[in-house]
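Each chain is listed here by its residues.
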Amino acid sequence: MAFSLRGVRVPPNSASVEEARRRTLDFFKSACRSIPAIMETYNLYDVVTPSQLRSTISSEIRKNAHITNPKVIDVLLFKGMEELGNIVEHAKQRHHVLGQYVLGRGGLVQDLGPKDEGISEFLKQFYASNYF
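Cut-offs applied
Residues numbered from 1 in each chain as written. Predicted model: local features only at pLDDT ≥ 70, side-chain atom pairs only at ≥ 80, totals over all residues. Heavy atoms only, no water. UniProt positions renumbered as here; feature names shortened; annotations may be inferred. Helix = DSSP H or I, 4+ residues; strand = E, 2+ residues; numbered from the N terminus. Buried < 20%, exposed > 50% of the residue type's maximum accessible area, 1.4 Å probe, protein only. Salt bridge = Lys/Arg side-chain N within 4 Å of Asp/Glu carboxyl O.

An unreviewed UniProt entry lists the chain under the name NADH dehydrogenase [ubiquinone] 1 alpha subcomplex subunit 6, from Elaeis guineensis var. tenera. UniProt annotates the chain under Subcellular location (unreviewed entry) with the comment "Mitochondrion inner membrane". The record held by UniProt for the chain lists under Sequence similarities (unreviewed entry) the comment "Belongs to the complex I LYR family."

This paragraph deals with unusual backbone geometry. Of note in the backbone geometry, Asn 43 takes a positive phi value of approximately 55° without being a glycine. Residue placement: Asn 43 occurs in the loop between helix H2 (35-42) and helix H3 (50-62). The exposure class assigned to Asn 43 is partly exposed, which follows from its relative accessible area of 48%. Unlike most non-glycine residues, His 90 shows phi in positive territory, near 60°.

Once that is clear, we can look at the pattern of salt bridges. Within the structure shown, the criterion is met by six salt bridges. Two residues, Arg 23 and Glu 19, come together in a salt bridge whose shortest N-O distance is 2.4 Å. A residue pair is termed a helical-turn pair when its members lie 3 or 4 positions apart in one helix, as Arg 23 and Glu 19 do in helix H1 (residues 17-33) at four residues. For the residue pair Arg 23 and Glu 19, the accessibility class agrees, reading buried in each case. Members of the salt-bridge network, linked through shared partners, are Glu 19, Arg 23 and Asp 74.

Laid out in structure tokens, this is it:
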């Protein structure tokens, strides 16, 4: 699968925003086609579904939807293709993929509750004063 992405290249400059948009859609299609290989390589079936990975890729692309400069879009496409190439060629480890694309920027959800319910007043004051 890694060899199929080598033919996908970003030309130095897009002539217009429409051309950059078309290249972005082509990149999204190639990223979605590589999801099964990524799931197999990193053994992600127990953690995430392919549709969740597809929506993560879509949200990463839509995060930059407000950009209208074709040169900036080309640079972002180049970065995305490099990232996809690194993931497909197994240049990243499993915990990198999990941390960046499965858990996301928010981190673990289990850390949302209060942690100091059974702690004494002394420890609460100690943690408040010395915990950085």
